[in-house]
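# Survey of secondary and tertiary structure
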Amino acid sequence: MKLVLDTGACQGYGLCLAAAPALVDLDDSGYAELIGDGSVPTAEQHHAHDAVSSCPARALQVQK
């Protein structure tokens, strides 16, 4: 499973960070950036889905 970020769609709400702090961070401008290559460990899969659901800009997706 992989978390994919559309950086052009990100609006900087930061809700993804609250939902998945082990998978997403914010850059110096407050926009989302993935931690690592986007691979989601099994223990973090529910957090990845929460991050996708929480993003009002729909900037995140989960790919299998």
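Just so we're clear, the structure is a prediction, and the values are computed from it rather than from any experiment.

## Some thoughts on the environment of Met1
Inspection of the secondary structure assignment puts Met1 in the segment before strand S1 (2–5). Here Met1 falls in the partly exposed class, since its relative accessible area comes to 27%. Between the C-alpha atoms of Met1 and His46, which are 45 residues apart in sequence, the distance is 11 Å. Once residues within four sequence positions are removed from consideration, Met1 is found in contact with Gly38, Ser39, Val40, Gln45, His49, Val62, Gln63 and Lys64.

## A short note on unusual backbone geometry
In this model, Arg58 sits at a positive phi of 55 degrees, which is unusual for a non-glycine residue. Turning to its location among the elements, Arg58 is positioned in the loop between helix H2 (45–54) and strand S4 (60–63).

## Examining the state of the cysteines
In a disulfide, the sulfur atoms of two cysteines are held together by a covalent bond. Tallying each qualifying case throughout the model produces zero disulfides. Cysteine Cys16 is unpaired, with the sulfur of Cys10 as its nearest cysteine sulfur at 6.2 Å. In this structure Cys55 is a free cysteine whose sulfur lies 6.3 Å from that of Cys16, the closest cysteine sulfur available.

Rules and cut-offs
Residues numbered from 1 in each chain as written. Predicted model: local features only at pLDDT ≥ 70, side-chain atom pairs only at ≥ 80, totals over all residues. Heavy atoms only, no water. Helix = DSSP H or I, 4+ residues; strand = E, 2+ residues; numbered from the N terminus. Buried < 20%, exposed > 50% of the residue type's maximum accessible area, 1.4 Å probe, protein only. Contact = heavy atoms within 4.5 Å. Disulfide = S-S within 2.5 Å.

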